[in-house]
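# Understanding the architecture of this molecule
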Amino acid sequence: QVQLVESGGGLVQPGGSLRLSCVASGNIFSFSTMAWYRQAPGKEREMVASIKTGATTNYADSVKGRFTISREYNQRTVWLQMDSLRPEDTAVYYCYMEAVSAIDYIKAPYWGQGTQVTVSS
C-alpha cells in the first residue's frame, strides 16, 4: 500500500512563504507525474503545479512566478515552494503522485491527506 504524507502547511501573512513537502512510503517500483492540488472552501479542487518524469513542469496561471515545484525520486519526495503568498492562496493543499507498485507493477494515482495553508494578516 502506498501512502503519501504532507507537511509544511500553516498560517502565514500575505507576502510570506511556505514550503510544502510530501513523502511517499510503501512498495513502490517507480514514479511518474507528481503534483500539488488545492481546494478552497466552496470551490473545486484545482491543479496548482505538476512535474513529469522528464522534469517538465506546469503551473496554474494564478501561481506562475510565485510557486516552484521540485522532486527527488530517490527520496520519494515532492516539494512546493510558495512565495509571495496571497489570501486567495488559502486552501487545503493535496499531494498527488502516480506510482507503479513493486507488487503488481500497476500504475495508479495516490493522494495525500491534505495540509491547510492559510494566508491572512
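Residues numbered from 1 in each chain as written. Predicted model: local features only at pLDDT ≥ 70, side-chain atom pairs only at ≥ 80, totals over all residues. Heavy atoms only, no water.

### Structural notes on the side chain of Asp 89
- Topologically, Asp 89 is positioned in the loop between strand S8 (77-82) and strand S9 (91-101).
- For Asp 89, a relative accessible area of 0% corresponds to the buried category.
- Sequence-distant contacts of Asp 89, that is, excluding residues within four places in its chain, are made with Arg 38, Arg 66, Phe 67, Ser 84, Val 117 and Val 119. (Helix = DSSP H or I, 4+ residues; strand = E, 2+ residues; numbered from the N terminus. Buried < 20%, exposed > 50% of the residue type's maximum accessible area, 1.4 Å probe, protein only. Contact = heavy atoms within 4.5 Å.)

### Brief notes about the packing of aromatic side chains
- For the structure on display, the rule yields five aromatic pairs.
- Each ring, one from Phe 29 and one from Tyr 105, has its centre 5.2 Å from the other, and the planes form 75°; the classification is edge-to-face. Here Phe 29, found in strand S4 (residues 28-39), pairs with Tyr 105, found in the loop between S9 and strand S10 (107-111); they are 76 residues apart in sequence, far enough to count as distant. Tyr 105 shares its class with Phe 29; the two are exposed.
- Note on Tyr 37 and Trp 111: the rings are 4.9 Å apart at their centroids and 65° apart in plane angle, and the pair reads as edge-to-face. One end of the pair, Tyr 37, is in strand S4; the other, Trp 111, is in strand S10, and 74 residues separate them in sequence.
- Under the relative-accessibility criterion, Tyr 37 is labelled partly exposed at 21%.
- Connected via pairs of aromatic rings, a cluster forms that spans Tyr 37, Tyr 96 and Trp 111.
- Positioned above the aromatic ring of Tyr 94 is the side chain of Arg 45, whose terminal nitrogen or guanidinium carbon lies 3.7 Å from the ring centre. (Phe/Tyr/Trp six-rings, centres within 6.5 Å; stacked < 30°, edge-to-face > 60°. Lys NZ or Arg CZ within 6 Å of the ring centre and 35° of its normal.)

Interpretation note: all reported values are geometric properties and have no functional meaning in isolation.
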